[in-house]
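What follows is each chain in one-letter form.
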Amino acid sequence: DEREARLAEQYRLQGVVRFGDIEKEKVGKYCPSYLEMQEIGLKAGDIVRERGLVRALDYGQQMHLEARDQIRRVTEMLQDKGIREIHAELPLLNGEKRGFIVKGTSQVDVIELLGDGRTVCIYDYKTGRARFTDDDMIRYAGEGGAYAANKGFDPAHMNVYVFPIFIPDMFGRDFNRR
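Residues numbered from 1 in each chain as written. Predicted model: local features only at pLDDT ≥ 70, side-chain atom pairs only at ≥ 80, totals over all residues. Heavy atoms only, no water.

**So, unusual backbone geometry**
Backbone geometry follows two general trends: most residues other than glycine have a negative phi, and most peptide bonds adopt the trans configuration.
Step number 1: Not every positive phi belongs to a glycine, and Glu 89 is a case in point at roughly 55°.
Step number 2: Counting through the fold element by element, Glu 89 comes out in strand 3 (residues 83–93).
Step number 3: Since its relative accessible area comes to 18%, Glu 89 is described here as buried.
Step number 4: In the Ramachandran plot, Asn 94 falls in the positive-phi region, its phi being about 55° despite a non-glycine side chain.
Step number 5: For Asn 94, the position within the fold is in the loop between strand 3 and strand 4 (96–97). (Helix = DSSP H or I, 4+ residues; strand = E, 2+ residues; numbered from the N terminus. Buried < 20%, exposed > 50% of the residue type's maximum accessible area, 1.4 Å probe, protein only.)

What follows is the structure, encoded as structure tokens:
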């Protein structure tokens, strides 16, 4: 159902990740930038498609780079809305930012640390038929939580939310509708 979003939630870094679906209108209660991040991803996909046909892998890479650039342009506005820290295309390994990708690194498309000092939101763009498995969501929740803890968030009171954001493929086909 296109009105729902997939969700993984790690509560207080207890190692237990819950999965479920949530109405997109309610996502903002947990992660207020969700709809903006979705719009940025959709717009980035449109921009890349307008440039002309590319291979599927190239389309996905170009879409991610376009989204990254758009997010960087709105970072200050998001911080004014209560986002303490936001990063696009952040490589993390054991909660530490990496300057390059090595085995085991998670390339987090978007991570937000909210100003409440408790909430971490992670969004992962998926183009075409790409999937975001439960194991991937668990790994991203762990990496995001460890990163936030390294930034001073208290693991005993932290909630990490992970959302895939599905973007139509290079032909405009949406295989996921979530």
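Now, onward.
**Considerations on the pairing of strand 3**
Step number 1: Most of strand 3 sits inside the fold, with nine of its 11 residues counted as buried.
Step number 2: As defined by bridge partners, strand 3 adjoins strand 5 (residues 106–114) across eight bridges and the pair is classed as antiparallel. Note on strand 5: the bridge partner recorded for Pro 91 is Gln 107.
Step number 3: Taken together, strand 3 and the strand that follows it, strand 4, pair antiparallel across an intervening segment of two residues, in which Asn 94 is found at a positive phi of about 55°. (Pairing = 2+ DSSP bridges.)

**Section: the state of the cysteines**
Step number 1: Inspection of every chain in the model, using the stated rule, returns one disulfide.
Step number 2: Paired by a disulfide, Cys 31 and Cys 121 hold their sulfur atoms 2.0 Å apart. Here the S-S torsion is close to -95°, and the disulfide linking Cys 31 with Cys 121 is therefore left-handed. With Cys 31 in the loop between helix 1 (24–30) and helix 2 (34–51) and Cys 121 in strand 6 (residues 119–127), this residue pair connects regions lying 90 residues apart in the sequence. (Disulfide = S-S within 2.5 Å.)

Everything listed here is a matter of coordinates, which is why it stays silent on function.
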